[in-house]
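# Survey of secondary and tertiary structure
Okay, here's what each chain looks like letter by letter:
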Amino acid sequence: MFGWGGVCIVNRGGSCRLSTIYRYLMFVAPPLMAFSYLLYLYGDEIAAAVLFLIAVSLILGLSVSSYVGAYMVSNQFRSNVGRVGALISIVAVIMWLALIPRVMEVGTAINAIGNALILVTLIQVRRRYSPTTKSRR
């Protein structure tokens, strides 16, 4: 989320704390989805819907926070491509909140474009600021 290949936005005590929170929450969301599906299979549709909405909210919230982190990295390294990619991805995640299949399909396609732009920016940042090593023969 907030750390990519040695780039860390919120660094306290030598570690990316928000990145750790992100990883732990990503381990919580899939089991919630699985329990939601099991509850749905056993006929408890209300509990299944509540667990599903909690899991989707976690995932979408984490997505937006990671795109905000990518926007901050792009600002730090003055990359307009990264800023545009992060904003496109945030709009796409907001489109997913509709939970309407057609809107979510369009949001997924838009998100792919935004993620590609963010990836290009992060690769450029990593190339520019990573130490260069020369191969010895």
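Our subject is the structure listed above.
The structure reproduced in this document is the subject of the present report. Predicted model only: the values in this text are computed from it and were never measured.

### Some points on the packing of helix H2 (residues 45–76) against helix H3 (residues 80–96)
- Orientation of H2 relative to H3, taken along the N-to-C sense of each, is 165°, at an axis distance of 8 Å. Of the possible angle classes, the one that applies to H2 and H3 is roughly antiparallel. The handedness of the crossing between H2 and H3 comes out as left-handed. In contact with Leu60, Ser63, Val64, Tyr67, Val68, Tyr71, Ser74 and Asn75 of H2, H3 contributes Gly82, Arg83, Ala86, Leu87, Ser89, Ile90, Val93 and Trp96.

### Re the nonpolar core
- Membership of the largest hydrophobic core comes to 13 residues, with the highest contact counts inside it found for Leu60, Tyr67, Val93 and Ile118.
- Breaking this core down by element, the ones donating at least two residues are H2, H3 and helix H4 (101–129).
- Sorting elements by how many residues they give to this core places H2 first, with five residues.
- Residues in contact with Leu60, not counting those within four places in the same chain, are Val93, Trp96 and Leu97.

### Concerning the pattern of salt bridges
- This structure, assessed with the given rule, holds one salt bridge.
- Note that Arg102 is salt-bridged to Glu105, the shortest N-O span being 3.9 Å. One end of the pair, Arg102, and the other, Glu105, are both in helix H4, three residues apart, so they sit about a helical turn from each other.
- The exposed category is assigned to Arg102, whose relative accessible area is 65%.

Rules and cut-offs
- Residues numbered from 1 in each chain as written.
- Predicted model: local features only at pLDDT ≥ 70, side-chain atom pairs only at ≥ 80, totals over all residues.
- Heavy atoms only, no water.
- Axes fitted to C-alpha atoms, helices over the stretch in contact; angles between N-to-C directions.
- Helix = DSSP H or I, 4+ residues; strand = E, 2+ residues; numbered from the N terminus.
- Parallel < 35°, antiparallel > 145°, perpendicular 65-115°, else oblique.
- Left-handed = near helix turned anticlockwise from the far one by under 90°.
- Contact = heavy atoms within 4.5 Å.
- Core = buried A, V, L, I, M, F, W, Y, C linked by side-chain atoms within 4.5 Å.
- Buried < 20%, exposed > 50% of the residue type's maximum accessible area, 1.4 Å probe, protein only.
- Salt bridge = Lys/Arg side-chain N within 4 Å of Asp/Glu carboxyl O.

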